[in-house]
Amino acid sequence: MKKDYYEVLGLDKGASKEDIEKAYRKLALKFHPDRNPDDPSAASKFTEVTAAYEVLTDPQKREQYDQFGFSPEGTDGGMHQYQYQNVDMDEALRMFMRSFGGGFGSIFGDGGPFEDGTSYGRGPAKGEDRVASLRITLEEAASGVDKDVEITHLVHCPECSGSGSKGGKEPLVCPDCRGTGTLRVAKNLGPVQYVTTKPCTRCRGEGKIVSDPCTKCRGKGKVRTTTKKRISIPRGIDNGNGVRVVGMGDAGGKGGPPGDLYVKIDLEPHRSFMRDGDNILTEISISYPQAVLGSRVVVPTIQGPVEMKIPSGTQPNTMMRLKGKGMPNMRYPRHQGDQIVKVKVNVPSDPSHDEKKLLKKLLEVQGEKKDFTL
């Protein structure tokens, strides 16, 4: 009897189509002839798992196989029993390619091309992004500010204009790959020949060769430099937010655009204010008479000092709100947060004689009869 298809893929009979595809891909990669050039048995295992995959992923074939199984050796299988599928290497390779949707390079992780001719990423490549930090005050975050930022990044070499060749000369076309950056490799497996591609070792996949390297960049076409850039910080920006500066990252490759710069904002701690989203938190202290009788006090805000009313009978740690005196919202400029003011009541630690007399009189008014030493 032929080997059971489910056993070939290491699955139970009730396996889902997704399980079958997953098992096939794992085994096909394991036994692929390109990965096992010195193991002749790998080729037969490769065609075997492909045959199992071909039957079990076809609903009609799988139903017939599940019902009747294989026909015995030397019989024609009658009208119901399933005939064992013979898959040759050429067909197995085509099915393998269809299953993965691309060429060997993409499957095996070597950056190789697909069957449609897409090469090893030789097209224009965007440069790497860079990150910088900028420390600003809470007042600057509230009003917005322009600041200078220094960034160290890769730029195209000014001596060779990024060509890598001395004097800016155009590099030579690689004679091995003729400028494609890839080499075709033909391999025979029995009667079947299949072709793969790999990066050109002479030009390292670039397609060009620098025969006389630039002395400044040593043929790399890029140099590291420090650039100062003035950037605009928007109103309302918060700690940890970032500002994107397009084109201030590392230079791109093969004519590609440069990367971007991301400036991370670090707010300095403030001695009077604490930020809570769009709101500002602060504390003020008032005297006991001010709390009892009520008063008007001057409160500092981000926009400047303002007058705030203290109602009569204000209790310690009362939270009061100054509408619109907080931080602007970076996304919605018309929205302004509030300032939340915590009111603390000062109790004198060493009251004077006159203060004690007045407080004793207050106790008498309130009905207290206890004696106090003045």
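Residues numbered from 1 in each chain as written. Predicted model: local features only at pLDDT ≥ 70, side-chain atom pairs only at ≥ 80, totals over all residues. Heavy atoms only, no water.

Let's talk about the overall build of the protein
When you go through the protein residue by residue, the secondary structure sums to 9 helices and 15 strands. Within the protein, the proportion of its 374 residues that are buried is 36%. Residue pairs in contact within the protein that sit at least 24 positions apart in sequence constitute 61% of those at least 6 positions apart. Total accessible area on the protein is roughly 23000 Å²; 48% of this is exposed by carbon and sulfur atoms. (Helix = DSSP H or I, 4+ residues; strand = E, 2+ residues; numbered from the N terminus. Buried < 20%, exposed > 50% of the residue type's maximum accessible area, 1.4 Å probe, protein only. Contact = heavy atoms within 4.5 Å. Areas by Shrake-Rupley, 256 points an atom, 1.4 Å probe, with all protein chains shown as cover.)

Focus on the side chain of Ser295
Position of Ser295 relative to the elements: it lies in strand 12 (residues 295-299). Classification of Ser295 by relative accessible area gives buried; the value is 18%. If near-sequence neighbours (up to four positions away) are discounted, Ser295 is found in contact with Gln290, Met308, Lys309 and Ile310.

Regarding the confidence of the model for the protein
Confidence in the prediction of the protein, expressed as mean pLDDT, is 82, and 81% of residues score 70 or more. The weakest mean pLDDT in the protein belongs to helix 6 (residues 104-108) at 42; the strongest belongs to strand 14 (residues 318-322) at 97. Every residue in residues 72-81 scores below 50 in pLDDT, and together they form 15 contacts with partners more than four places removed in sequence or on other chains. This stretch, residues 101-121, has a pLDDT under 50; its non-local contacts, to residues over four places away or in other chains, come to 44 contacts. (pLDDT = per-residue confidence, 0-100.)

Points about the pairing of strand 11 (residues 279-287)
Consecutive side chains along a regular strand alternate between the two faces of the sheet. Residues Ile280, Thr282, Ile284 and Ile286 of strand 11 are buried on one face, while the alternating residues Asn279, Leu281, Glu283, Ser285 and Ser287, pointing to the opposite face, are not. Where strand 10 (residues 274-276) meets strand 11, 3 bridges bridge the pair, whose relative direction is antiparallel. In the sheet register, Asp276 faces strand 11, and the bridge partner there is Asn279. From the end of strand 10 to the start of strand 11, which pair antiparallel, there are 2 residues, and Gly277 there has a positive phi angle of about 65 degrees. Bridging between strand 11 and strand 15 (residues 339-346) involves 8 bridges; their strand directions are parallel. Counted as the bridge partner of Ser285 is Lys344 from strand 15. (Pairing = 2+ DSSP bridges.)

A word on a nonpolar patch on the surface
Together, Tyr288, Val292, Leu293, Leu359, Leu362 and Val365 line one region of the surface with nonpolar side chains, adding up to about 550 Å² of accessible area. Of all the secondary structure elements, the ones that give two or more residues to the nonpolar patch are helix 8 (288-293) and helix 9 (353-365). Its location among the elements puts Leu362 in helix 9. Residue class for Leu362 comes out partly exposed when judged on its relative accessible area of 31%. (Patch = residues over 30% accessible without salt bridge, like charges linked within 9 Å, V, L, I, M, F, W, Y side chains within 5 Å. Salt bridge = Lys/Arg side-chain N within 4 Å of Asp/Glu carboxyl O.)

Section: the nonpolar core
By size, the foremost hydrophobic cluster in this structure holds 26 residues, and its most contacted members are Leu9, Ile20, Tyr24, Phe46 and Leu56. For this core, the secondary-structure elements that each account for two or more residues are helix 1 (5-9), helix 2 (17-31), helix 3 (40-56) and helix 5 (89-100). Apart from the residues lying within four places of it in its own chain, the contact partners of Leu9 are Ile20, Ala23, Tyr24, Leu27, Val49, Ala52, Tyr53 and Leu56. (Core = buried A, V, L, I, M, F, W, Y, C linked by side-chain atoms within 4.5 Å.)

Things to note about the pairing of strand 15
One ladder, built from 5 bridges, connects strand 14 with strand 15; its direction is antiparallel. The residue bridging Met320 from the neighbouring strand is Val341, located in strand 15.

Re the sheet that holds strand 14
Strand order in this open sheet of 4 strands is 10-11-15-14, and the pairing throughout is mixed. The open sheet is flanked by strand 10 and strand 14, the only strands paired with a single partner. The average undirected angle you get between the axes of adjacent strands in this sheet is 35 degrees. (Axes fitted to C-alpha atoms, helices over the stretch in contact; angles between N-to-C directions.)

Describing unusual backbone geometry
Excluding glycine, most residues fall at negative phi; most peptide bonds, likewise, are trans. The phi torsion at Arg178 lies on the positive side, around 60 degrees, for a residue other than glycine. On the secondary structure map, Arg178 appears in the loop between strand 3 (172-173) and strand 4 (182-189). Under the relative-accessibility criterion, Arg178 is labelled exposed at 74%.

A closer look at helix 2
Here helix 2 spans 21 Å end to end across 15 residues, near enough to the 21 Å set by a 1.5 Å rise per residue. Along helix 2, the residues classified as buried are Ile20, Ala23, Tyr24, Leu27, Ala28, Leu29 and Phe31. (Expected span 1.5 Å × (residues − 1).)

Overview of the pattern of salt bridges
Think of it this way: side chains of opposite charge can pair up when their charged atoms draw near. Counting across every chain of the model gives 16 salt bridges. If you follow the salt bridges from partner to partner, you end up with Lys126, Arg244 and Asp260 in one network.

Some remarks on the sheet that holds strand 1 (residues 130-136)
Backbone hydrogen bonds are what pair the strands of a sheet, in a parallel or an antiparallel way. Spatial strand order, 1-9-8: 3 strands in an open sheet with mixed pairing. Of all strands in the sheet, those bounded by a partner on one side alone are strand 1 and strand 8 (242-245). Going across the sheet, the axis of each strand differs from the next one's by a mean of 25 degrees, ignoring polarity. Here 7 bridges tie strand 1 to strand 9 (residues 261-267), and the two strands are oriented parallel to one another. Following the sheet pairing, Leu134 is matched in strand 9 by Ile265.

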